[in-house]
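# Reading the structure
Okay, here's what each chain looks like letter by letter:
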Amino acid sequence: MTKKYAEYKGLDMPNVAQVVLDKWKKEQIFEKSIETRAGNKPFIFFEGPPSANGLPGIHHVMARSIKDIFCRYKTLKGFQVKRKAGWDTHGLPVELGVEKELGITKEDIGTKISVEDYNQACKEAVMRYTDIWNDLTTKMGYWVDMEEPYITYEPKYMESVWWLLGQLHQKGLMYKGYTIQPYSPAAGTGLSSHEINQPGCYRDVTDTTIVAQFKVASGSNSPFEGGEFNANTYFLAWTTTPWTLPSNTALTVGSKIEYVLVKTFNQYTYEPIEVILAKNLVNYQFSKGFLAVTAEEELNQYEKGAKTIPYFIKGECLGKDLIGIKYEQLLDFCLPAENPDKAFVVIGGDFVTTEDGTGIVHTAPTFGADDARVANEAGVPGMLVHDDKGNLVPLVDLQGKFRSEMGEFAGMYVKNDYYKAGEAPEKSVDVQIAIKLKTENKAFKVEKYVHNYPHCWRTDKPVLYYPLDSWFIKVTDVKERMIALNNTINWKPESTGSGRFGKWLENANDWNLSRSRYWGIPIPIWTSEDKSESICISSVEQLKAECEKAVAAGLMTENPFTAFEVGNMSKENYAQIDLHKNYVDLITLVSPSGKPMKREADLIDVWFDSGAMPYAQWHYPFENKELIDGHQGYPGDFIAEGVDQTRGWFYTLHAIATMVFDSVAYKNVVSNGLVLDKNGQKMSKRLGNAIDPFTTLAKYGPDATRWYMITNAQPWDNLKFDLDGITEVQRKFFGTLYNTYSFFSLYANIDGFDYSEADLAFEDRPEIDRWILSKLNSLIQEVETSFEQFEPTKAGRLIQDFVTNQLSNWYVRLCRRRFWKSDDAKDKLSAYQTLYTCLETVAVLGSPIAPFFMDQLFQDLNAVTQRHDVTSVHLANYPKVQLSHIQVDLEQQMEIAQNISSLVLGLRKKERIRVRQPLQKIMVPALNETFVKNISHVKDLILSEVNVKELELLAEDNSVLVKSIKPNFKTIGPKYGKLMKAISNTVANFSADDILFIEKNKGWKGEIEQESVTLDLEDFEINAQDIPGWLVASEGGLTVALDITLTEELKAEGIAREVVNRVQNLRKDSGLDVTDRIALKIDTNDFIKSAILANERYICSEVLAEKVEFISLNEEALLTEIEAEGDTKIAISK
RNA sequence: GUCAGUAUAGCUCAGUUGGUUAGAGCACACGGCUGAUAACCGUGAGGUCCUUAGUUCAAAUCUAAGUACUGACACCA
């Protein structure tokens, strides 16, 4: 043998990772793992792009481990797994970060700083932490192509996105609309829902709320009593935002809700009024200070100013009867600029409830999303007026102030929070409006109310819902198709797909694509000033041609794409162009009729960027067309991200794929849960409980970290991350595996085992070898199934159980002697081959999860044997399961051995008889033939394991056994369900004779509760329970009796074993080599001496001595205890 | 507030189509091993299977309601 198995001084997992990492880099193992699979079936993986704008956290290690595991596994299975890294580079977080650093606000962009400089700053900022990310990727062992990542700000990427938008435009799925969006006047920017949902953004605030009285217009017919309404009839509508009342243009009712007409008095003016509200809410609105009366006449007794106001319910109708009734404008500062005649009318809406308020919803289409929707459907205009430029604007400007139309309120901020400190008026707009309404007999009730309201995370001030002009994608048109396609996707866990994602699809709204920002992909639409003509650009080539036309038409002096060579896909060619806002906004195009066209000012939602990555990463369709069209790189076989991406990336991928390609974007998706701290709290810098991934990897190594994360909890469950857990994994799993390997290498090196001999036939190997190989093949099969089902946790736990419990604790422990003391060459060879195979297989099976450690293990083994023609486990193939080696009876036998041993050891423990003391006999009841066969196979094993000399099987009819009987509920249940309890009672009272009878007659017949019952033998569970007079233990149907009589002979043997134990310790302490022969001198009493003499040959062979010499020894000898303290002295020498 | 997910030993987690003694590891206690040794092994104690009601002969498991934690969604006026 030329090479030896590497031996290590200790287990240093961070070091293992470092060494293996260097090798991977030097030998380009990652690249090879893809190259060597060339021509094979691809396994298509999509990398969700992180933003290098922030630092990576421990949860990224989790998410990326999952991705890495399946890509590595599929590589083992022979697939070619290309994985391109990616960077998400656009978006608000980047912009806000840059604004903060430069000390500017959004308004300064374009004035204090040019858009060009600003975008340049963003571009630099966004890739700031690239190196740190790459470092983490490398150190944690995440294999992904970082050399050629896709970057969303690159011109090629942006061009593909434009192409996708062009497709949507062509299909008529894009439109421009006016919608209500969260807007922060203080920050001067719209907010995404993502920002609104930052922790702490929703806060309880106390607002002034008003139940306002909207006067029914004269001449309307009353559905309550027929005829016209009385002149003093009002609709009651509640609002928590009184500042929106001047913008009211409709009232919304639920068509199926019951409403009543109530005659009463206004509590502020004491005027007689009749009000309309939902029947269910009468008690709620008339709770304090009101009293119901049963006759209308009683109202006449009311005196102005009295504390209790009577009310009387005059009539009832359904909401649908109210629809169409007109009412007088509540606060008539101005009228809507468009269709004012259609305003101030009752309309229907499905969102109306009777949980609070009045069942009639004050509707201000300019400040409420639902409001805008129902008003639009009913043809009711919003309160929009013309500004000085003739644009339609709401009554509140972008700073959050009332416009000049608002009379005495003009110029006031609608919320006191928007004033600078100290400048806010004593009475807010809301309060002033309340006072005004009270005095005008238009307020039914004014109250303070606590509710949850979103705040801007930057300014801490409340958000306004404000109408903004936006581009939308008509997702609602393809909703059904999206749902159908989603049903073909394999979600892990299933509930995320059908539940969270499915429900989300069912309620999908149109996708608001617009962002009024600077750093992102511009919407490629150019429109003429009168909006009559527009063009959607979907390639640089097209834009260049359009520019050419514009130059010809004299709208531009030169074509900015002159240098760009159409059709040239080289980096250099694309490096000369930039499609960001600061460039494309300079371009004016010409319409077919010769009008100039300017670009729409907005950028697109960054989520579109990432959802476009399957195509844009390959610059599709301008390059790599066959990759997508030929299904070589699309759709994805597998993606994995955090569950927070459900409505993010998972959604945008799915939406774009459905709309543009009528396809799923991915076939399998794993959504992993959160990584919490060990107490289940969310990790955050603020709480100081965030775990730094780098220090963790440095301290514990990536393998233990990954193994812990994967095996501790299912990926989709939240992980309570506890560093002690990694330590445990390290010790328990890797420590054991390392020890097993060390044991193997130690002896394999001594014996020169290099697997050059042919494999011994499975049948020729000893029972225990066949057993562990059976277990191993079961493992191969089960791990494969787990990985195939995207269940990495199961796979890891299976491997861990095999290594620690089966291989190390049972196989190796029982087989140790075969490695160092066997004279049977064939037996030894079988042991080596078997253990080697186990270790090698474990290395492959575990390599997706622990890529470094398993690679070292694999290479250490393979370096000597060269059984695999590869230099890394990641280039190997997944082992083929040998079904014929899986032998259930063998596994059962060993289970019996393990269980009986455990029982005997338990008995010894109870009686305080150490295992070193041999005992004479155990008895086990023979339950049936199979059991007899099985146990006889493992008899010797049990005896040596528990240090007993004989095992006796008690035949079934042996009278010493006391048996117990139990009904088998599982088999009887379906037959005699209702009688179960009675049967159970009957069986419990069976005597030993009854049991014997049942066994002889293979069943039982009788009458229970007047019904005849026939039971087979298998309807009973008969177990041996006790052997009178013996020490007995039983568990799970197994019973063992132990003879604890100690004869002189046994005692002597026990003493001999104690002596061996002491001598071995002494050898070790004296630093002797395992092969050194010794001279053994003992000084002890006569009893022990005779015991030693009786077992001299055994002792000598164990400790490698010629003979035992009995002489008196001095203090230098080891003073020890065999039976009593200090009864023996032992000395050894070479 | 709405909708999901989770709830099993002190801690982290298993628990088969519902079947009668609910398991493992860690930690703890006690013991053992010592030719794998800064390892390791065995034994033991430790449970209101979140609560309540229901379905069933039988519920940790199925159903409903509630509680707690986590998440997603939400200007429900």
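First, a word on scope: everything that follows refers to the structure included in this document. What you see is a predicted model, and the numbers here were worked out from it, not measured in a lab.

## Points about the overall build of chain A
Tallying secondary structure elements over chain A gives 36 helices and 41 strands in all. In terms of overall dimensions, chain A is more spread out than a globule: its C-alpha atoms have a radius of gyration of 42 Å, far above the 32 Å expected for 1134 residues. Principal-axis analysis of the C-alpha atoms gives chain A an extent of 125 × 90 × 60 Å. Looking at chain A as a whole, 54% of its 1134 residues are labelled buried. Considering only contacts within chain A whose residues lie at least 6 apart along the sequence, 76% involve residues at least 24 apart. Taken as a whole, chain A presents about 51000 Å² of accessible surface, with 47% of it coming from carbon and sulfur. Taking the average location of the 125 positive side-chain charges in chain A and that of its 158 negative ones, the two points are 2 Å from each other.

## Let's talk about the environment of Gly348
Take Gly348: it is sitting in strand β12 (residues 345–348). C-alpha of Gly348 to C-alpha of Thr252: the two residues are 96 residues apart in sequence and 5.2 Å apart in space.

## Description of the pattern of salt bridges
Going through the model one piece at a time under the given rule, you end up with 51 salt bridges. A salt bridge links Asp530 to Lys595; the nearest nitrogen and oxygen atoms lie 2.9 Å apart. Of the two residues, Asp530 is situated in the loop between β21 (525–528) and β22 (534–536) and Lys595 in the loop between β23 (589–590) and β24 (596–599); the sequence distance between them amounts to 65 residues. Using a relative accessible area of 30% as the deciding quantity, one classes Lys595 as partly exposed. Taking the shortest distance from any N to any O, the salt bridge between Lys921 and Glu952 comes out at 2.6 Å. Here Lys921 is found in strand β30 (residues 919–925), whereas its partner Glu952 is found in strand β31 (residues 948–954), with 31 residues between them in sequence.

## Regarding the packing of helix α23 (residues 723–751) against helix α27 (residues 851–865)
Look at α23 against α27: their axes get within 12 Å of each other, and the N-to-C directions meet at 5 degrees. In terms of their interaxial angle, α23 and α27 are classed as roughly parallel. Within the contact between the two elements, α23 uses Phe733, Phe734, Leu737, Tyr738, Tyr741 and Phe744 and α27 uses Phe853, Met854, Leu857, Asp860 and Leu861. The class makeup of the residues in the contact of α23 with α27 is 10 nonpolar, no polar and 1 charged.

## A look at helix α33 (residues 992–1001)
Within α33, the full set of buried residues consists of Ile995, Ile998 and Glu999. Taken around the axis of α33, the buried residues stretch over an arc of 95 degrees, which confines them to a single face. Opposite the buried face of α33, by more than 90 degrees, sit the exposed residues Asp993 and Lys1000. A positive backbone phi angle near 50 degrees is found at Lys1002, which sits one or two residues after α33.

## Regarding the protein's contact with RNA strand B
The full set close to RNA strand B counts 63 residues, and Trp238, Val361, Ala369, Arg916 and Phe969 are the nearest of them. Backbone atoms, meaning sugar plus phosphate, form 59% of the atoms of RNA strand B positioned within 4 Å of the protein. Here a base nitrogen of RNA strand B and a side-chain polar atom of Arg816 are 3.4 Å apart. Within the side chain of Lys970, an N or O atom sits 2.4 Å from a base oxygen of RNA strand B. In terms of residue class, the surface near RNA strand B is made up of 19 nonpolar, 21 polar and 23 charged.

About the criteria used
Residues numbered from 1 in each chain as written. Chains lettered and ligands numbered in written order. Predicted model: local features only at pLDDT ≥ 70, side-chain atom pairs only at ≥ 80, totals over all residues. Heavy atoms only, no water. Helix = DSSP H or I, 4+ residues; strand = E, 2+ residues; numbered from the N terminus. Rg over C-alpha atoms; globule rule 2.2 N^0.38 Å. Buried < 20%, exposed > 50% of the residue type's maximum accessible area, 1.4 Å probe, protein only. Contact = heavy atoms within 4.5 Å. Areas by Shrake-Rupley, 256 points an atom, 1.4 Å probe, with all protein chains shown as cover. Lys, Arg positive; Asp, Glu negative; His and termini not counted. Charge placed at Lys NZ, Arg CZ, Asp CG, Glu CD. Salt bridge = Lys/Arg side-chain N within 4 Å of Asp/Glu carboxyl O. Axes fitted to C-alpha atoms, helices over the stretch in contact; angles between N-to-C directions. Parallel < 35°, antiparallel > 145°, perpendicular 65-115°, else oblique. Nonpolar A, V, L, I, M, F, W, Y, C, P; charged D, E, K, R; others polar. Arc of directions from axis to C-beta. Near = heavy atom within 4 Å. Polar contact = N/O pair within 3.5 Å; in protein donor to acceptor, adjacent residues only side chain to side chain.

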